[in-house]
Amino acid sequence: MRMSVSSASASVPTRFPSRILHGEVAPGWHIIRPLTIFVEAMEDSGFLVSDDLFSMYGMGATVEDALADYSTSLIDFYQILEARVGSNPHNRPRFLHLQSYLLQG
């Protein structure tokens, strides 16, 4: 799981227009509510995909690789929150918010 976008790279990125992520992002995982993501080309090659809502990011050699890495990070975050909802009630609102965007099944 990745969280701090600002620590992802020391290079200065080139940001492209935002995109909307919706639909299946991994087998059995769906974005059910449009999620705005940002794609940045890094100076040292590669791409960074991030969001401002959950502060997650993914990196890859191609945009597709970065999107796949981002999706994996978002799913990991979902699973961590889901596992901790019972032991820490402060996780419940965060989990419900994430669940309003990402669902398994």
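Look above for the structure.
The structure displayed is predicted, hence computed values, not measured ones.

1. Section: the overall build of the protein
Check the secondary structure of the protein and you find two helices and six strands. Mapped in sequence order, the helices and strands of the protein form the string β-β-β-β-β-α-α-β. For the protein, the proportion of its 105 residues judged to be buried stands at 40%. Considering only contacts within the protein whose residues lie at least 6 apart along the sequence, 48% involve residues at least 24 apart. Within the structure as shown, the protein displays about 5900 Å² of accessible surface, and the carbon and sulfur contribution to it stands at 54%.

2. A look at the nonpolar core
Membership of the largest hydrophobic core comes to 25 residues, with the highest contact counts inside it found for Leu35, Tyr70, Leu74, Leu98 and Leu102. Mapped by element, the contributors of at least two residues to this core are strand 2 (19–26), strand 3 (29–41), helix 1 (63–84) and helix 2 (91–99). The biggest single contributor to this core is helix 1, with nine residues. Ignoring any residue separated from it by four or fewer positions in sequence, one finds Leu102 in contact with Val25, Trp29, His30, Ile31, Ile32, Leu74, Ile75 and Tyr78.

3. Details of the environment of Leu35
Mapped onto the elements of the fold, Leu35 is located in strand 3. Residue class for Leu35 comes out buried when judged on its relative accessible area of 1%. Considering only alpha carbons, one finds Leu35 and Asp51, 16 residues apart in sequence, at a separation of 7.9 Å. Excluding its chain neighbours within four sequence positions, the residues that come into contact with Leu35 are Arg19, Ile20, Leu21, Leu53, Phe54, Tyr70, Leu74 and Tyr101.

Thresholds, definitions, all that
- Residues numbered from 1 in each chain as written.
- Predicted model: local features only at pLDDT ≥ 70, side-chain atom pairs only at ≥ 80, totals over all residues.
- Heavy atoms only, no water.
- Helix = DSSP H or I, 4+ residues; strand = E, 2+ residues; numbered from the N terminus.
- Buried < 20%, exposed > 50% of the residue type's maximum accessible area, 1.4 Å probe, protein only.
- Contact = heavy atoms within 4.5 Å.
- Areas by Shrake-Rupley, 256 points an atom, 1.4 Å probe, with all protein chains shown as cover.
- Core = buried A, V, L, I, M, F, W, Y, C linked by side-chain atoms within 4.5 Å.

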